[in-house]
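Coordinate analysis (summary)
Here is what each chain is made of, one letter per residue.
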Amino acid sequence: MTGFVDLRDIRLAYGPGGDGTLALDGLTMAVQKGEFAAVVGPSGCGKSTLMKLATGLIRPQAGTVEVAGREVNGPVSVAGMAFQNPSMLPWRTTLQNVMLPLEIVEPHRRRLSAERAAYVERAEGLLEMVGLKGFGEKYPWQLSGGMQQRANLCRALVHEPQLLMLDEPFGALDAFTREELWQVIRDLHAEKGFTVILVTHDLREAVFLANRVFVMSARPGKLIVEQQVDFPRPRPIDLTYEADFNDIVHELRGHIAQARAAA
Ligand code: ADP
């Protein structure tokens, strides 16, 4: 099956000439356009490696990576990324941080000075969508961790990427703030329709947000289970306290425990 993001029979080893740690071996995975996919697995199984491959930051020793029907040979411009640490530039305001990708990614880079007002409007629109209306002129250090991560999502989306890659984006936040952010990303995905790949340790997060959860084996990572999650959208946060929801979380937990024991 071909997907919007297509990884086929991937082998990736680190080290000079690929003779070090074998991170992924025989990984095949297809994520369809518009899907919200989550990737879970034991720590060190190669989840971040998978993200780096799909965004073209590294290349595999064997296998193919395709995004939007094109083989990936270098950084993928249709992708936006957000990581656990928002890493906002402290000398720029929140709005200036959000607009940063527009200074780098074409065609925005060449249009930015002529169309600045429209781009500012776009960035402010995103800030409003994530609940940060009026905070654009604040510096990142004036914002709480949750607010910084909201702004970070805006920065990942400001160039309107077709693919959003999230690597443990909510891992450093407290439980309440994390649940708030789940709802923010749920609503952004519903509104904008981009494809998402979310790497997470949090199985509740995966089941709440994703329509498919991919479980990886221990290192060297490959896919061992694909769990379809069919709860209707928009999903309310109370869903996470229901029995059907917890059955799926429990089942995934079992797969990961098994994968760890087999390592
Ligand atoms: P995960 O995100 O699932 O925790 P990673 O993809 O970060 O796993 O790493 C997979 C394996 O590859 C781990 O054993 C890790 O130590 C190793 N690894 C990751 N990055 C490098 C690197 N740059 N050089 C050598 N080994 C690495």
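Two side chains of opposite charge can pair, provided their charged atoms sit close to one another. A complete count under the given rule lists 12 salt bridges for this structure. Salt-bridge contacts for Asp6 lead to Arg8; the nearest nitrogen and oxygen are separated by 2.6 Å. Assessed through its relative accessible area of 35%, Arg8 is described here as partly exposed. One salt bridge connects Glu66 with Arg8, and the closest N-O pair in it is separated by 3.9 Å. Of this pair, Glu66 sits in strand β4 (residues 62-67) while Arg8 sits in strand β1 (residues 5-13), placing them 58 residues apart in sequence. Judged by relative accessible area, Glu66 falls into the partly exposed class, the value being 24%. A single network of salt bridges, built from pairs that share partners, joins Asp6, Arg8 and Glu66.

Around the ligand, the neighbouring residues are Tyr14, Thr21, Ala23, Ser43, Gly44, Cys45, Gly46, Lys47, Ser48, Thr49 and Arg219. In the model, an oxygen atom of the ligand is placed 3.0 Å from a nitrogen or oxygen of the Gly46 main chain. In the complex, 61% of the free accessible area of the ligand, which totals 560 Å², lies under the protein chains. The dominant element in the shell around the ligand, judged by the number of residues it contributes, is helix α1 (residues 47-54), at three residues.

Reading the values: rules and limits
Residues numbered from 1 in each chain as written. Predicted model: local features only at pLDDT ≥ 70, side-chain atom pairs only at ≥ 80, totals over all residues. Heavy atoms only, no water. Salt bridge = Lys/Arg side-chain N within 4 Å of Asp/Glu carboxyl O. Buried < 20%, exposed > 50% of the residue type's maximum accessible area, 1.4 Å probe, protein only. Helix = DSSP H or I, 4+ residues; strand = E, 2+ residues; numbered from the N terminus. Near = heavy atom within 4 Å. Polar contact = N/O pair within 3.5 Å; in protein donor to acceptor, adjacent residues only side chain to side chain. Areas by Shrake-Rupley, 256 points an atom, 1.4 Å probe, with all protein chains shown as cover.

Honestly, it's all geometry; don't read function into it.
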